[in-house]
Amino acid sequence: MRLALLTDLHANLEALEAVLEHAHRHGGAEQFAFLGDLVGYGADPGPVVDRVQAAVATGALAIKGNHDEAATRGAPPAMRDAAAQAVTWTREHLSREQLAFLAGLPLSIERGDRLFVHASAVDPARWIYVLSPVDASRSLRSVGAREIFSGHTHTPALYHLAANRSIGAFKPVPGTPIKLTSFHRWLVIPGSVGQPRDGNPAACYAMLDDVADIVVFHRVPYDTERAARKIRAAGLPGDLGARLELGS
Amino acid sequence: MGARLERGVVIDGYTLEEPIHEQGMASLWRVSAPDQPSRVMKVPLLREGDDPTAMVGFEVEQMIMPSLHGPHVPRFIASGDFSAQPYIVMEYIRGDSLRGWLGRTPLDAEEVARIGAEIATALHSLHRQHVVHLDLKPSNVMFRDTGEAVLVDFGFSRHDRLPDLLAEQFRLPMGTAPYISPEQVLRIRNDPRSDIFALGAVLYHLITGARAFGCPTTIFGLRKRLYRDPVPPRARNASCPAWLQEIILRCLDADPRERYQSAAQALFALRHPGQVALTDRARKLRQDGVMTVTRRWMRTLGAVHAERWQSTAVQTARSPVVVVALDLHGSTEALLGAIRATTERVLSTHPGARLACVTVLRTSRLAMDVTVDEEGRNLRVLRLVELTQWARPLGLSEGRSTYHVLEGHDPASAVVGFVRDNHVDHVVIGARGASPLRRYLGSVSAHVVAESPCTVTVVRVAQTGDAEKDEEEEGGAEAS
């Protein structure tokens, strides 16, 4: 089955629609996994949650992210200003049903030898970033799963852990199929749909062929200007819009 | 893990027919399956307590092989995972590897150049697919019945666009001692010029019957090639021509920047021995003196020659072979000048580029022997002189340009044939319209544009308004 992996959607409807279209048309997506942070930052939390909820109703996986948790419980004290402001705004723009859907999302899902989680698997509820090979190694070694699919960092990345515990990091090249060979263990970060931060504003996602164990990273250009305009029009902090256009 | 490997055992529908041989850390079987031609199954030999290289090398091959295509690699068919029996099934290439030829060395120079050209062609195809082989040696080169070289065993290879599972894992250089490049000894795994070095080591073996660097078994022994040059081939085999020694020693230079910058450039030299610019390398009959070697040794202390960021495809692309096709007598001075200006621009963006200046001597369909008579020989020499003359203002350093007079009754086909045979990256040619032979020459550039498997720049002199006036003129074709 071809499973499209989407993470860090951040209420960006333009990016989500572009990615869904690409995943259906070019990737042959048969099912979806949403790895958390459906909301926060962007101007369309309601429509984004509705689309994910509809997908889950037909078998898609969805995981809770820190922004989803904040939207249901209120911003934690450690959250940065712009993010906290966005949380407050987001809470006001979600219906009770939508908030209940977010509150009910699991912190991780295990399917066979694959684990889907928003941040590091070491302790999913602590939202630890996986930004380095050391972080990736910790995440992989904390669980039994052979492959982890996670998000939270907003930057596409691929880590491979060998039996002798040596870990390698790789910057994925979009469009290149990569076999997740079985003697290694793998940690896949598709990169953010709704707020990429690697200097390339195009939306990120990855496609997994779960039988052949082949993953392909993709970049999908979308109308960043429109998404940014909506953020400004909604009265959200302006730099949340600007960073979409810069991919920063 | 895995079944016992013996005749008749069936793995995922493939029946083991006969063992071919054990290739390092894997065993190879000819296998059959209903309604399919014979295939090869490669099974890693995994023993208790083994060095993990066997498994990782197998995974590397499993990752890279499905992405490769073309006649110079065995076609990938299927693979199986470690959960059951790990294997790769691929196309069966009949016959022996180049290793079988080593018993007949030294071979003669023309044969060595021919084999070298086939291997260089295969390497260029691989490099263009983002892969450095990193273990080129006689036992990893096979030949199709049609003559093309096929490279096998990608267990040490590196793909630009795939994770390098070997990089993090091992502290020792990976490769085969007699052929491994100095960069690989320094554990640099992303330089396609490493394969050029191995090509030089293979050709050295074929022409001398001896290994250029012996077969060291220690890191110290491997490191010697960073500063110690091999005994010149001509000191070992007096019949080795200077041009072949030039090519081999250039491939074997310790500094990758001094080697051919792409496999296509090495191929070009092997196909055109008469055009190889001979340097001191070609003439030397003994190894470099103690002073030179010491100086080189000092430089190797902590030295890293290769650029770590580079990618195989980028290195290959920035060292193109450029052809400029000239019709010396059918073109105006203005057009020849415009072609020169365009050529200069193309070369200036690629300091690693080689330029081949080409013209076609037309032979008559009926009198094919025209070029072997006195007049024909004189014409060839005259054209070569004219080509050199045309290129002089470009001020290219020796060895960066070559000159070729092709023969044929159809100039366009002759140019396109040359472009295909030499894996040319870019052709510069004059347009129709500026020549008195307008109709005829027009068909040349159009044909070259349509048929060349690369970029073609068609140069036209800016029109001044009365350019149509030569349309009705007619002229005789050269040397027909």
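Conventions we followed
- Residues numbered from 1 in each chain as written.
- Chains lettered and ligands numbered in written order.
- Predicted model: local features only at pLDDT ≥ 70, side-chain atom pairs only at ≥ 80, totals over all residues.
- Helix = DSSP H or I, 4+ residues; strand = E, 2+ residues; numbered from the N terminus.
- Rg over C-alpha atoms; globule rule 2.2 N^0.38 Å.
- Buried ≥ 20, exposed ≤ 12 C-beta atoms within 10 Å, placed from the backbone.
- Contact = placed C-beta atoms within 7 Å.
- Pairing = 2+ DSSP bridges.
- Axes fitted to C-alpha atoms, helices over the stretch in contact; angles between N-to-C directions.
- pLDDT = per-residue confidence, 0-100.
- Nonpolar A, V, L, I, M, F, W, Y, C, P; charged D, E, K, R; others polar.
- Parallel < 35°, antiparallel > 145°, perpendicular 65-115°, else oblique.
- Left-handed = near helix turned anticlockwise from the far one by under 90°.

> Any chance you could break down the overall build of chain A for me, citing the residues and the numbers?
Helices and strands together make up the secondary structure of chain A, namely eight helices and 12 strands. By the compact-globule yardstick of 18 Å for 248 residues, chain A fits well, its C-alpha radius of gyration being 17 Å. Principal axes of the C-alpha set define a box for chain A whose edges measure 50 × 35 × 35 Å. A buried classification covers 53% of the 248 residues belonging to chain A. Across chain A, the fraction of contacts at a sequence separation of at least 24, relative to all contacts at a separation of at least 6, is 71%.

> Would you mind going over the sheet that holds strand β7 (residues 157–161) of chain A in detail, with residue names and values included?
All names here are of chain A. An order of β4-β5-β6-β10-β7-β8 is seen for the six strands of this open sheet, with the pairing classed as mixed. Strands at the two margins of the open sheet, each flanked by one partner only, are β4 (108–111) and β8 (167–170). When strand polarity is set aside, the average angle formed by the axes of neighbouring strands in this sheet is 15°. Here β4 runs beside strand β5 (residues 114–117); their pairing, made up of four bridges, is antiparallel. If you follow Ile-109 over to β5, its bridge partner there is Phe-116.

> I'd love a proper account of the pairing of strand β14 (residues 426–430) of chain B, names of residues and values included.
Residue and element names in this part refer to chain B. Most of β14 sits out of view: five of its five residues are buried. Every second residue of β14 is oriented toward a common face, with His-426, Val-428 and Gly-430 on one face and Val-427 and Ile-429 on the other, all of them buried. For strand β11 (residues 321–326) and β14, the ladder comprises four bridges, and the chain directions are parallel. Directly across from Ala-325, in β14, lies its bridge partner Ile-429. Both β14 and strand β15 (residues 455–459) contribute to a ladder of five bridges, which runs parallel. Looking at the pairing, His-426 lines up with Thr-455 of β15.

> Give me the lowdown on the environment of His-404 of chain B, citing residues and values where you can.
All names here are of chain B. Counting through the fold element by element, His-404 comes out in strand β13 (residues 401–408). Classification of His-404 as buried rests on a count of 20 C-beta atoms within 10 Å. When residues no more than four places from it in sequence are discounted, the contact partners of His-404 are Ala-356 and Val-358.

> Quick rundown of the confidence of the model for chain B? Include the residues and the values.
All names here are of chain B. The pLDDT averaged across chain B works out to 86; a share of 86% of its residues lies at or above 70. Counting contacts from residues 467–480, a segment whose pLDDT is below 50, to residues more than four positions away or on other chains yields 17 contacts. The complex prediction reports pTM at 0.85, with the ipTM value standing at 0.87.

> I'd love a proper account of the interface of chain A and chain B, names of residues and values included.
Size of an interface, as often reported, equals the accessible area lost when the parts are brought together. Of the residues lining the interface, 17 residues belong to chain A; the matching set on chain B comes to 17 residues. When residues of the side of chain A that touches chain B are traced back to their parent elements, those giving at least two are β7, β8 and β9 (177–179) of chain A. Residue composition of the side of chain A that touches chain B, grouped by class: eight nonpolar, eight polar and one charged.

> Before we move on, can you summarise the environment of Asp-198 of chain A with the specific residues and values?
All names here are of chain A. As for its placement among the helices and strands, Asp-198 is situated in the loop between β10 (185–189) and β11 (203–209). With 18 C-beta atoms packed within 10 Å, Asp-198 lands in the partly exposed category. In this structure the C-alpha to C-alpha distance between Asp-198 and Ala-169, which are 29 residues apart in sequence, comes to 16 Å. Apart from the residues within four sequence positions on either side, Asp-198 is in contact with Thr-155, Pro-156, Gly-191 and Gly-247.

> Would you mind going over the pairing of strand β3 (residues 26–32) of chain B in detail, with residue names and values included?
Residue and element names in this part refer to chain B. One ladder, built from six bridges, connects β3 with strand β4 (residues 39–44); its direction is antiparallel. Following the sheet pairing, Arg-30 is matched in β4 by Val-40. Linking two consecutive strands that pair antiparallel, namely β3 and β4, is a turn of six residues; a positive phi of about 60° is found at Asp-35 within it.

> Lay out the packing of helix α2 (residues 109–128) of chain B against helix α8 (residues 263–271) of chain B with the relevant residues and their values.
All names here are of chain B. The interhelical angle for the contact between α2 and α8, taken along N-to-C directions, is 160°, at an axis separation of 8 Å. As judged from the angle between their axes, α2 and α8 are roughly antiparallel. Like other packed secondary-structure pairs, α2 and α8 cross with a definite hand, here left-handed. Along the contact surface, α2 presents Ala-113, Gly-116, Ala-117, Ala-120, Thr-121, Leu-123, His-124 and His-127, while α8 presents Ala-263, Ala-264, Ala-266, Leu-267, Leu-270 and Arg-271. Residues that form the contact of α2 with α8 fall into these classes: nine nonpolar, four polar and one charged.

> Could you give me a rundown of unusual backbone geometry, with the residues and numbers involved?
Following Thr-105 of chain B, the chain continues to Pro-106 of chain B via a peptide bond in cis, the omega torsion being 0°. Here Pro-106 of chain B shows up in the loop between β6 (87–91) and α2. The backbone phi angle of Asp-37 of chain A is positive, close to 55°, even though this residue is not glycine. Since 31 C-beta atoms lie within 10 Å of it, Asp-37 of chain A is described here as buried. Positive phi outside glycine occurs at Asp-12 of chain B, with the angle close to 45°.

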